[in-house]
Amino acid sequence: NKERRGNDRVIGGCFVCLVQYSISFESCGIVNNKQSSHQMETTTTTTTTSSSSSHNEDNQIIDDSEQTIIHPDEVANEEERGEKRKFGDAKGKKPAFEPLKPGELGVKIESRKVIVPQHRMNSLKADWGKIYPPIVEHMKLQIRMNPSGRQIEMRTSAHTTDIGALQKCVDYLRAYILGFEVADAVALLRLEDIYIDSFIVEDVKMLKGDHLSRAIGRILGKGGKTKFTIENTSKTRIVMNGHHIHILGSFANIKVARDAISCLIIGSPPGKIYAKLKNVASRVVERF
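Residues numbered from 1 in each chain as written. Predicted model: local features only at pLDDT ≥ 70, side-chain atom pairs only at ≥ 80, totals over all residues. Heavy atoms only, no water.

## Details of the sheet that holds strand β3 (residues 111–115)
- Taken together, 3 strands build an open sheet; the order of strands is β3-β5-β4 and the sheet is antiparallel. Of all the strands in the sheet, the pair left with one neighbour each is β3 and β4 (142–146). When strand polarity is set aside, the average angle formed by the axes of neighbouring strands in this sheet is 20°.
- Sheet topology note: the β3/strand β5 (residues 151–155) ladder contains 5 bridges and is antiparallel. Following the sheet pairing, V114 is matched in β5 by I152.
- On the sheet, helix α5 (residues 128–138) packs against β4 and β5 and is oriented at approximately 150° with respect to β4. (Pairing = 2+ DSSP bridges. Helix = DSSP H or I, 4+ residues; strand = E, 2+ residues; numbered from the N terminus. Axes fitted to C-alpha atoms, helices over the stretch in contact; angles between N-to-C directions. Contact = heavy atoms within 4.5 Å.)

Okay, here's the thing in structure tokens:
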């Protein structure tokens, strides 16, 4: 409108015309600047909206089968939950691992040999029908006896599920060779915290001749009464072969039995040992 009015007033005077044209040119420059700035703002807004939309599209995983949008934060949370189930939380919870199958253990075929002394061959042949079933049926091992070499051979198989089965069976056979009954030695296969402690009388006190014989007699008692009392009180099994003493049981029970036997070797009378064992038995009953 200004330009039109200026064009109409050109006839009235040159000065007015020049002034009017200068004003019109300045106004056109301002308008052009405003238009250019407006165009720049629109282009920037379009680029930001397009970049934000493309960023949102990248951060979203679309499932074509169910037409649902899964955000990466949800996926990360599910992965953290799975890791917590496998490896436990930082608060100290125990991890939960699935047991491995026999084929996944990756254990190679291993074999062990147990040498049998000559004085135990006859009893081994007599009790062979009771010795091998726990090894074959429970521990899933292969076993055979070699009479000419006086040794028992064992090896793992594809059906073996326990990695430590071979060592447990070796301990089981050695316990029988030391003199324990089959029913007592089987505890090494079926229980975890069962051990064998062996020592000799001279480890406690150096005795020779008749002194050694009297110490062994004090440990056994009349008809084995003292030995049976120690076994029943401490819940262990004791085998004496000369001056060699073998104790089968848990760690704490072995300590109780060994302390009682050591006192007898030193020279304590059996009556005093019975009183100590009675006190130990009463404490065990109160504890449990």
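This is not the end of the story, as more comes after the structure.
## Examining the environment of I265
- With respect to the helices and strands, I265 occurs in helix α11 (residues 251–266).
- With 48 residues separating them along the chain, I265 and G217 place their C-alpha atoms 9.4 Å apart.

## Overview of the packing of helix α9 (residues 210–220) against helix α10 (residues 225–234)
- Interaxial distance between α9 and α10 falls to 5 Å at its minimum, and their mutual angle equals 55°. Between α9 and α10, the interaxial angle falls into the category oblique. On α10, the residues touching R218, I219 and L220 of α9 are K225, T226 and K227.
- Per-class residue counts for the contact of α9 with α10 are 2 nonpolar, 1 polar and 3 charged. (Parallel < 35°, antiparallel > 145°, perpendicular 65-115°, else oblique. Nonpolar A, V, L, I, M, F, W, Y, C, P; charged D, E, K, R; others polar.)

So far we have only geometry, and geometry alone does not tell us how the molecule works.
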